[in-house]
Every structure is written in structure tokens, then in C-alpha cells.
Amino acid sequence: MKHLIAPLAVTLGLTTAAFAADPIEGTWKTQPDDGSYAHVAMKPCGSAVCGTIARTFNDSGEYKSPNLGKTLVIDMVPQGGGAYEGKVWRPSNNKIYIGKMDLSGDSLRLRGCVAGGLICSKQTWTRVK
């Protein structure tokens, strides 16, 4: 009986780890860009993580942006140690950039880069609780 319990416990432990939520999952507040900011919902998309614009705000408060529901963070693949690589979309100019993210607690540093990563625009997002 002991021989059956140990492999079962290991299997259950591995299964639980496989279904554990990525620490980046949840809602994040962007920094203002052209006077507006958003709440981005980060969720799994296949083996990567994607972020969709869930709410938008400007100086007057919450408003219905035409970008609601659009994917801002595209196919970010975990690299280990809180680092992710994929793509990011900037709504203000409708361009997609090479994207990198670094997670540290409730802070998410996001970079969108061109020229192979030589020129980057940066933002730091905070987790919405």
C-alpha cells in the first residue's frame, strides 16, 4: 500500500503545480498614455499570457474607449524569474512592438521595443486589488 501512496502523492503534487495560476494573472493598472490609462486583465492564452483592456479612464473618470476588449499584451511567454517575452500593442499609434515584462510583487515593468530592442518605451503597471 505504501508503494501506491508515494507515487500518487507525487502525481497529485505535479498536477496541482501544472494548474497553479501564473503570478502575473489578474488586473493591472497602466500608466497614463496620451492622457488615458487602462485596467488590463492578464490571463493565460495557450502556453503564454495575454492582457486585454478591461476598463479605460481619462481625466473625467471611466469612459468607454473603442479599445475596450482589445489585446494589449500579446503572447507573453514566461522566461523564469518573473521575466516574460512577447509583444505589446500601443493603442495611441496602433503599432505592435517587441515586448518584455518583469514582475516584482505588485509591480510590473513593461517595455515595448523596436530595432531589436535598442529603442524602448517603458511603463510600470501596478496590480489592481
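It should be emphasised that the depicted structure is a prediction, and the values quoted were computed from it without experimental measurement.

Caption draft 1: Structural context of unusual backbone geometry. Unlike most non-glycine residues, D75 shows phi in positive territory, near 45°. With respect to the helices and strands, the residue D75 is situated in strand 5 (residues 71–80). Despite not being glycine, N94 has its phi angle at roughly 55°, a positive value. Along the chain, N94 turns up in the loop between strand 6 (83–90) and strand 7 (95–104).

Caption draft 2: Structural view of the nonpolar core. One finds I24, M42, M101, L108 and W125 to be the most contacted residues of the largest nonpolar core, which totals 20 residues. Secondary structure elements with two or more residues in this core: strand 2 (37–45), strand 3 (48–58), strand 5, strand 6, strand 7 and strand 8 (107–114). It is strand 5 that provides the largest number of residues to this core, a total of 4 residues. Not counting the four nearest positions on each side in its chain, M101 is found in contact with I24, M42, V73, M76, G82, A83, Y84, L108, R109 and L110.

Caption draft 3: The arrangement of the state of the cysteines in detail. All chains considered together, the criterion is met by 2 disulfides. With its sulfur 2.1 Å from that of its partner, C113 forms a disulfide with C120. An S-S torsion of about 105° defines the bridge between C113 and C120 as right-handed. Residue class for C113 comes out buried when judged on its relative accessible area of 3%. Numbered by order of appearance in the sequence, the disulfide-linked cysteines of the protein chain pair as 1-2, 3-4.

What counts as what
- Residues numbered from 1 in each chain as written.
- Predicted model: local features only at pLDDT ≥ 70, side-chain atom pairs only at ≥ 80, totals over all residues.
- Heavy atoms only, no water.
- Helix = DSSP H or I, 4+ residues; strand = E, 2+ residues; numbered from the N terminus.
- Core = buried A, V, L, I, M, F, W, Y, C linked by side-chain atoms within 4.5 Å.
- Buried < 20%, exposed > 50% of the residue type's maximum accessible area, 1.4 Å probe, protein only.
- Contact = heavy atoms within 4.5 Å.
- Disulfide = S-S within 2.5 Å.

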